[in-house]
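# Architecture and fold: a report
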Amino acid sequence: MVYEISLEFPGFAGTLDLLVERVRRFEVDILDVKISEVARQVVDGLKDNIDLQFFAPVLTVSRLMFLKSRSLLPGRDMFEETELEEENPEQVEEETQVRMRLEEQYRVFSGAGEHMRGLAEENRLRIRSYQTRAGELPGFIDEIAYIEDITPFDLMVVMNQILKRALRDDTYRVRVDDAQLLSRRISEVFDFILARRGESVTFDEIRERTPQKTEAVLSFLALVYLVSQGRVIARQHTPYGEIIISVRHADRRQFQDDDG
Amino acid sequence: MMTVEETANIIEGILFLSPSVVNAADIQEHLNVDLGIVEEAVVVLRKRLEGTGLELLNTAGGYELATRSEYSEHLRAYFGRMDRTRLSRASLETLAIIAYNQPVSRADIERIRGVNTSGVTKSLLDRNLIKISGKGDGIGRPFLFSTTPDFLRFMGINSLEELPSLESFEQKV
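So, here's what we can say about the structure. (Residues numbered from 1 in each chain as written. Chains lettered and ligands numbered in written order. Predicted model: local features only at pLDDT ≥ 70, side-chain atom pairs only at ≥ 80, totals over all residues. Heavy atoms only, no water.)

Bringing the overall build of chain A into the picture now. In terms of helices and strands, chain A carries ten helices and five strands. Burial statistics for chain A: of 260 residues in total, 32% are counted as buried. Counting only carbon and sulfur atoms, one obtains 53% of the accessible surface of chain A, whose full area is about 17200 Å². (Helix = DSSP H or I, 4+ residues; strand = E, 2+ residues; numbered from the N terminus. Buried < 20%, exposed > 50% of the residue type's maximum accessible area, 1.4 Å probe, protein only. Areas by Shrake-Rupley, 256 points an atom, 1.4 Å probe, with all protein chains shown as cover.)

A few words on the sheet that holds strand E3 (residues 201-202) of chain A. Residues and elements named next belong to chain A. Strand order across the open sheet formed by three strands is E3-E5-E4, with antiparallel pairing between neighbours. Strands with a single pairing partner mark the edges of an open sheet, and in this sheet they are E3 and strand E4 (232-236). The pairing of E3 with strand E5 (residues 243-247) spans two bridges and is classified as antiparallel. Each bridged residue has a counterpart across the sheet, and for Thr202 the counterpart in E5 is Ile244. The sheet contacts of helix H9 (residues 213-228) involve E4 and E5, and relative to E4 the element is tilted by about 115°. (Pairing = 2+ DSSP bridges. Contact = heavy atoms within 4.5 Å. Axes fitted to C-alpha atoms, helices over the stretch in contact; angles between N-to-C directions.)

When charged atoms on two side chains of opposite charge get close, those side chains can pair. Throughout the structure, instances matching the rule amount to 15 salt bridges over all chains. One salt bridge connects Glu122 of chain A with Arg126 of chain A, and the closest N-O pair in it is separated by 3.6 Å. The class of Glu122 of chain A is partly exposed, set by a relative accessible area of 44%. A salt bridge links Asp204 of chain A to Arg207 of chain A; its shortest N-O distance comes to 3.4 Å. With Asp204 of chain A and Arg207 of chain A both in helix H8 (residues 203-209), this residue pair falls three residues apart, about one helical turn. Overall, Asp204 of chain A belongs to the partly exposed group, its relative accessible area being 31%. Connected via shared salt-bridge partners are Glu122 and Arg126 of chain A together with Glu55 and Arg68 of chain B. (Salt bridge = Lys/Arg side-chain N within 4 Å of Asp/Glu carboxyl O.)

All right, on to unusual backbone geometry then. All names here are of chain B. Pro103 follows Gln102 through a cis peptide bond whose omega is -5°. Here Pro103 shows up in the loop between helix H5 (89-101) and strand E3 (104-105). Positive phi, normally seen in glycine, also occurs at Asn32, with a value near 55°. Within the element layout of this structure, Asn32 appears in the loop between helix H2 (24-31) and helix H3 (35-48).

This next bit is on the nonpolar core. Core analysis: the largest hydrophobic core is formed by 29 residues, its most contacted members being Met116 of chain A together with Leu95, Phe151 and Met155 of chain B. Not counting chain neighbours up to four residues away, the residues in contact with Phe151 of chain B comprise Met116 of chain A together with Leu95, Ala99, Leu129 and Leu160 of chain B. (Core = buried A, V, L, I, M, F, W, Y, C linked by side-chain atoms within 4.5 Å.)

Here the focus is the sheet that holds E3 of chain B. Neighbouring strands of a sheet are bound in pairs by backbone hydrogen bonds; such pairs are parallel or else antiparallel. Residue and element names in this part refer to chain B. The three strands lie next to each other as E3-E5-E4, forming an open sheet whose pairing is antiparallel. Where the open sheet ends on each side, the last strands, each with one partner, are E3 and strand E4 (130-135). Bridge count for E3 against strand E5 (residues 143-147) is two bridges, and the pairing is antiparallel. Note that in E5 the partner of Val104 across the bridge is Phe145. Contacts between H5 and the sheet are confined to E3, E4 and E5, with E5 contributing the most and set at about 95° to the helix. This element, helix H7 (residues 118-126), spans E4 and E5 of the sheet and lies at about 110° to E4.

Given 3.6 residues to a turn, an α-helix orients residues that are three or four positions apart in the same direction. Residues and elements named next belong to chain A. Taking 1.5 Å per residue, 16 residues should reach 22 Å; H9 reaches 23 Å between its end C-alpha atoms and fits that length. Taken together, the buried positions of H9 are Ala216, Leu218, Ser219, Ala222, Leu223 and Leu226. Axial view of H9: buried residues confined to an arc of 160°, hence all on one face. Looking one or two residues beyond H9, the residue adopting positive phi is Gly230, at roughly 75°. (Expected span 1.5 Å × (residues − 1). Arc of directions from axis to C-beta.)

A cluster of nonpolar residues, Val158, Met159, Ile162 and Leu163 of chain A, forms a patch on the protein surface that exposes about 340 Å² of accessible area. Structurally, the position occupied by Ile162 of chain A is in helix H6 (residues 152-168). (Patch = residues over 30% accessible without salt bridge, like charges linked within 9 Å, V, L, I, M, F, W, Y side chains within 5 Å.)

What follows is the structure, encoded as structure tokens:
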């Protein structure tokens with residue numbers, strides 16, 4: 001069923017669709033149409049018909065409002081948009097060519113990226129002496145897997161392995177109810193790392209400052225928070241090995257600048 | 001007067017201890033010898049390392065010592081370092097666009113890749129593989145990105161000229 005709303009005001013009597021059509025054909029001057037009156041009559045017509053299909057007239061009124069607003073703007077042809085709606089074969093051809101050029105460009109750079117992958121892989125096989133010195137990895141290539149290379153599935157598998165191992169050992173249950181306590185510990189741990197002015201810190205060094213087990217758990221939670229916020233980088237060379245912590249490169253460069 | 005052989009010995013020591021690439025001008029300045037002597041010593045050192053487990057590389061406009069790739073598996077097994085640093089496909093494509101078009105804005109990169117690249121560029125900046133090298137003239141003066149010397153080290157090349165021309169990839173397409 002096609003629902004039609006009848007309108008009536010000075011200079012016009014008929015359906016809403018007819019009004020729009022007459023405006024488009026210049027048979028009714030849009031400047032003589034009171035949009036508020038049209039909207040009122042449309043709302044009245046819709047009152048008893050709450051069904052999605054009846055929202056079509058609302059869209060039609062919007063269209064009418066659009067045509068009127070365009071006509072009121074200086075120097076704009078109110079039917080300019082109608083012309084644009086018609087497909088211009090030259091324009092379509094041009095757009096297609098642009099899209100094809102971009103796709104071709106993308107394929108070229110994708111190929112270049114693959115070539116670079118080969119170069120980087122080959123280079124990875126050549127090991128530099130600094131790569132075996134803990135805490136002295138150069139800024140550009142910390143040998144850790146970055147977040148974007150880790151899937152949630154990887155994290156889940158690793159967490160599962162850790163939990164299985166943890167259950168075999170003596171475990172302690174610690175509750176941290178005081179958020180302020182944790183917040184304070186985060187600041188303390190970060191200050192301690194920053195005080196090294198770019199040098200790496202091990203987690204053992206942080207833990208030694210607070211030997212109690214509950215305190216160690218707090219420090220570890222603080223470290224996890226700092227890593228998650230991208231403030232520090234933590235790495236282990238072997239599973240369950242020493243945790244080496246350093247500040248992010250940007251902060252490290254800051255130290256170098258400060259030192260002149 | 002330092003001989004070429006002596007210079008080669010010292011360069012070997014510097015490269016062995018250095019955590020980063022060492023360029024010829026720095027060596028020349030510190031040893032107070034002619035650049036020609038340094039270059040000659042490098043040739044001697046490279047020859048001397050033939051048939052050993054080490055090689056002298058030309059990377060990022062300088063020299064560095066590294067183990068030969070054929071022994072990588074044994075060395076990694078010995079040091080227990082099985083971690084892998086690899087760039088994602090998105091990062092490599094973005095790096096390629098920057099390397100061949102630098103300096104280039106993020107909008108230009110996104111125009112070619114057709115997707116948002118803010119995460120990827122941030123990651124590459126964090127790794128110091130790219131840097132902000134200026135601002136463009138366009139609307140909003142966008143940041144322009146270029147590759148860094150660490151990019152060259154990461155790829156194991158001496159300069160951008162060692163990258164194949166884009167035309168060679170066009171032919172493959």
